[in-house]
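Descriptive analysis of the structure
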Amino acid sequence: MKIIEVTELKDLNKGEFFKLKPESKKVYIKGDYLKEEKRFSCTDFEDINKERFLKPNTVIWTQFEF
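Residues numbered from 1 in each chain as written. Predicted model: local features only at pLDDT ≥ 70, side-chain atom pairs only at ≥ 80, totals over all residues. Heavy atoms only, no water.

Considering the nonpolar core
Counting residues in each nonpolar core, the largest one holds nine residues, listed as Leu-9, Leu-12, Phe-18, Leu-20, Tyr-28, Phe-40, Cys-42, Leu-54 and Ile-60. Among all residues touching Tyr-28, those that are not within four sequence positions of it are Glu-16, Phe-17, Phe-18, Leu-20, Cys-42, Thr-43, Asp-44, Phe-45 and Arg-52. (Core = buried A, V, L, I, M, F, W, Y, C linked by side-chain atoms within 4.5 Å. Buried < 20%, exposed > 50% of the residue type's maximum accessible area, 1.4 Å probe, protein only. Contact = heavy atoms within 4.5 Å.)

Given below as structure tokens:
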């Protein structure tokens, strides 16, 4: 049985893994908070050159197996 926890990005520690949707195959790593952007930088687990900037209140899924 898979247990998936739903939370907001701001509640996650730096360096932790998360998904944007429970059925998504893409896994991201939370990075630093950028004050100028008012967003967190999040790096794609499979390609470190891909980066997204997400708002702190973005709903994410954690505690999954990949």
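On we go from here.
Observations regarding the environment of Gln-63
Looking at the element boundaries, Gln-63 is found in the segment after strand S6 (59–62). Residue classification places Gln-63 among the exposed positions, given a relative accessible area of 53%. With 57 residues separating them in the primary sequence, Gln-63 and Val-6 have C-alpha atoms 8.7 Å apart. (Helix = DSSP H or I, 4+ residues; strand = E, 2+ residues; numbered from the N terminus.)

Things to note about the pairing of strand S4 (residues 39–44)
Burial analysis of S4 places five of its six residues in the buried class, which makes it a mostly covered element. Pairing analysis gives five bridges linking strand S3 (residues 28–34) to S4, with the strands arranged antiparallel. Bridge pairing links Ile-29 to Thr-43 in S4. Remark: four residues form the turn of the hairpin made by S3 and S4, two consecutive strands paired antiparallel; Lys-38 in that turn has positive phi of roughly 60°. Relative to strand S5 (residues 51–54), S4 runs antiparallel, the two sharing four bridges. Of the residues in S5, the one forming a bridge with Phe-40 is Leu-54. (Pairing = 2+ DSSP bridges.)

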